[in-house]
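Per-entry structural report
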Amino acid sequence: GRFDSALSEAAKSYVLERTFSDSKFYDRIKDQRISFEEFHTVLKEYVAWETETGMFEILLEQIRNYEHPDDSEDDEEEATVGMWHPLYAESTRLFRKYGLILPASVFFVASALRLDGQSPNDIPAVMEAVRMNLDNVFIEGITR
């Protein structure tokens, strides 16, 4: 409702100014990064949602109990990767809530923190997790 058309120049500019991606389509803004403060806000909210809903554990249990059909053309990893979709969807919803489009991924950073038994409130741990996920996280002054 903000623009007359999704294809208007103003709408395209709005999207491109808020897009974080290294893909060829967005080459002209590939050096744009999200601020650490914005990323950290979304990360904390995402981890709180994951904890409150227990969604990570629910999905992990579904994957553990998955029985791969013998006649499947996919391997088990390919068959189960889609099960993680609710986590990616929530990440995307939270970024859009703050007006950010095609976000840096909080899913991978949250996973790294969880594996290390760390909290999103531990800033050095978050920074370390960000540096381990350079292909998925684009933060000003931290990632390439």
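Residues numbered from 1 in each chain as written. Predicted model: local features only at pLDDT ≥ 70, side-chain atom pairs only at ≥ 80, totals over all residues. Heavy atoms only, no water.

**Comments concerning the pattern of salt bridges**
Inspection of the entire model under this criterion finds four salt bridges. Of the charged contacts in the structure, one is a salt bridge between Glu-61 and Arg-64, with a shortest N-O distance of 4.0 Å. Residue Glu-61 and its partner Arg-64 are located together in helix α3 (residues 55-64), separated by three residues, close to a single helical turn. (Salt bridge = Lys/Arg side-chain N within 4 Å of Asp/Glu carboxyl O. Helix = DSSP H or I, 4+ residues; strand = E, 2+ residues; numbered from the N terminus.)

**A look at helix α6 (residues 106-115)**
Burial of α6 is extensive: seven of the 10 residues sit out of reach of the surface. Along α6, the residues classified as buried are Val-106, Phe-107, Val-109, Ala-110, Ser-111, Ala-112 and Leu-113. In this structure, the buried side of α6 is in contact with α2 (36-53), α5 (85-97) and α7 (123-132). The first or second residue beyond α6 is Gly-117, which carries a positive phi of 65°. (Buried < 20%, exposed > 50% of the residue type's maximum accessible area, 1.4 Å probe, protein only. Contact = heavy atoms within 4.5 Å.)

**A closer look at the packing of α2 against α7**
Relative to each other, α2 and α7 sit at 100°, their axes nearing to 12 Å. Considered as vectors, α2 and α7 are oriented roughly perpendicular to each other. Contacts between α2 and α7 involve Phe-36, Phe-39, His-40 and Leu-43 on the former and, on the latter, Ile-123, Val-126, Met-127 and Val-130. Here the residues of the contact of α2 with α7 are counted per class, giving seven nonpolar, one polar and no charged. (Axes fitted to C-alpha atoms, helices over the stretch in contact; angles between N-to-C directions. Parallel < 35°, antiparallel > 145°, perpendicular 65-115°, else oblique. Nonpolar A, V, L, I, M, F, W, Y, C, P; charged D, E, K, R; others polar.)

**Side note on the packing of aromatic side chains**
A full pass over the atoms with the stated rule returns six aromatic pairs. Judged by centre distance (5.3 Å) and plane angle (80°), the rings of Phe-107 and Phe-108 are edge-to-face. Its relative accessible area of 7% is what places Phe-107 among the buried residues. What makes Phe-108 partly exposed here is its relative accessible area of 28%. Feature note: the residues Phe-56, Trp-84, Tyr-88, Phe-107 and Phe-108 constitute an aromatic cluster, connected by ring pairs. Positioned above the aromatic ring of Phe-56, the side-chain terminus of Arg-114 is 3.5 Å from the ring centre. (Phe/Tyr/Trp six-rings, centres within 6.5 Å; stacked < 30°, edge-to-face > 60°. Lys NZ or Arg CZ within 6 Å of the ring centre and 35° of its normal.)

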